Structure formats: C-alpha cells, structure tokens
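Architecture at a glance
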Amino acid sequence: MVYVKSWQEYQARALELYKAAPAKARYCVKWRAKKGDLVLKVTDDNTCLKYKTQSAMILTRFDILTRSLAGAMANVPERPPTPPPAAPAAAAAPEDAEKGPGAEKKLAQGQGQVAGGDGAAGGAGGGKKKKGKKKK
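As a starting point, this report considers the structure included with it. (Residues numbered from 1 in each chain as written. Predicted model: local features only at pLDDT ≥ 70, side-chain atom pairs only at ≥ 80, totals over all residues. Heavy atoms only, no water.)

This part takes up the packing of helix α1 (residues 7-20) against helix α2 (residues 58-73). Two packed helices can be described by the angle between their axes and the distance between those axes. Where α1 contacts α2, the two axes come as close as 11 Å, and the packing angle between them is 15 degrees. Compared by their axis directions, α1 and α2 come out roughly parallel. Between α1 and α2 lies a crossing of right-handed hand. Residues W7, Q8, Y10, Q11, A14, L15 and Y18 of α1 lie in contact with α2, whose contacting residues are I58, R61, F62, I64, L65, S68, L69, A72 and M73. Of the residues that constitute the contact of α1 with α2, the class distribution is 12 nonpolar, 3 polar and 1 charged. (Axes fitted to C-alpha atoms, helices over the stretch in contact; angles between N-to-C directions. Helix = DSSP H or I, 4+ residues; strand = E, 2+ residues; numbered from the N terminus. Parallel < 35°, antiparallel > 145°, perpendicular 65-115°, else oblique. Left-handed = near helix turned anticlockwise from the far one by under 90°. Contact = heavy atoms within 4.5 Å. Nonpolar A, V, L, I, M, F, W, Y, C, P; charged D, E, K, R; others polar.)

The following block contains the structure:
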C-alpha cells in the first residue's frame, strides 16, 4: 500500500488505475472520527493507492474525484466546468417595478403557508416545545 503525498498525483493515478481495469477496481472511503482522518483508497488487487488527510480543504477536491470516478463507472463523458451564471438581479428588476410598492409585503405574508392550506400545517406554528421544570 502506497500513501500518495500530493493530491494532484493521487487523483491522476486513481483515475488511471480505474480506467486500466474498471471491472477489478474498487474505491473505498474511510472516516476515522477519533483521529479526524479521511482515508481514500483505490485498488485493483495488484496496486493499492491511498491518500490520508485531516484537512477540510480537501473535501471539495474529494467530491470532484468521487464525481469523476462515478461518472467513469457509469460511462458518462466528462463535461468541462461551466462558468457561473449571470446575476439574476438585472432580470428581476423590471418585474419588481410592475408589482408596485405593496408587493413585498404580500410576499412576506404568504411565505410560511402551504399551498391550499390555512397555514396550520407545514411548520407555520413554531419551533421546539419547551421542557417543563424539574421537581426537586
């Protein structure tokens, strides 16, 4: 078993290992709560690659690797990253002008209601129940 130090190297080698033998390759994720370790393992019974980290920064990279491996397992072609969408505020401004000054108040009143209901169901009534005082 080989612990790979660099994330980029681990990601490239893990994808390469899976693509070389997709029927034999396995991907294992292990969380050790006591130590706070996240251990990732990719193996095909001949080669075993492991990556261990305690950093929360790796979680987004881990998610990307998991998605790419799952896509490879499902035989889905990889898509290039999409740019973030344009700000919707410019499109919403003309609609707000048509509604008039009381539109915001009406929207705020109708937010907590369930469609077709009187507001009694669906969480409109409050949060946790209060506990009673303990008797001594």
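Positionally, W31 belongs in strand β2 (residues 26-32). Spatially, the C-alpha atom of W31 lies 9.9 Å from that of Q54, the residues being 23 residues apart in sequence. In contact with W31, not counting residues within four places along its chain, are G36, D37 and L38.

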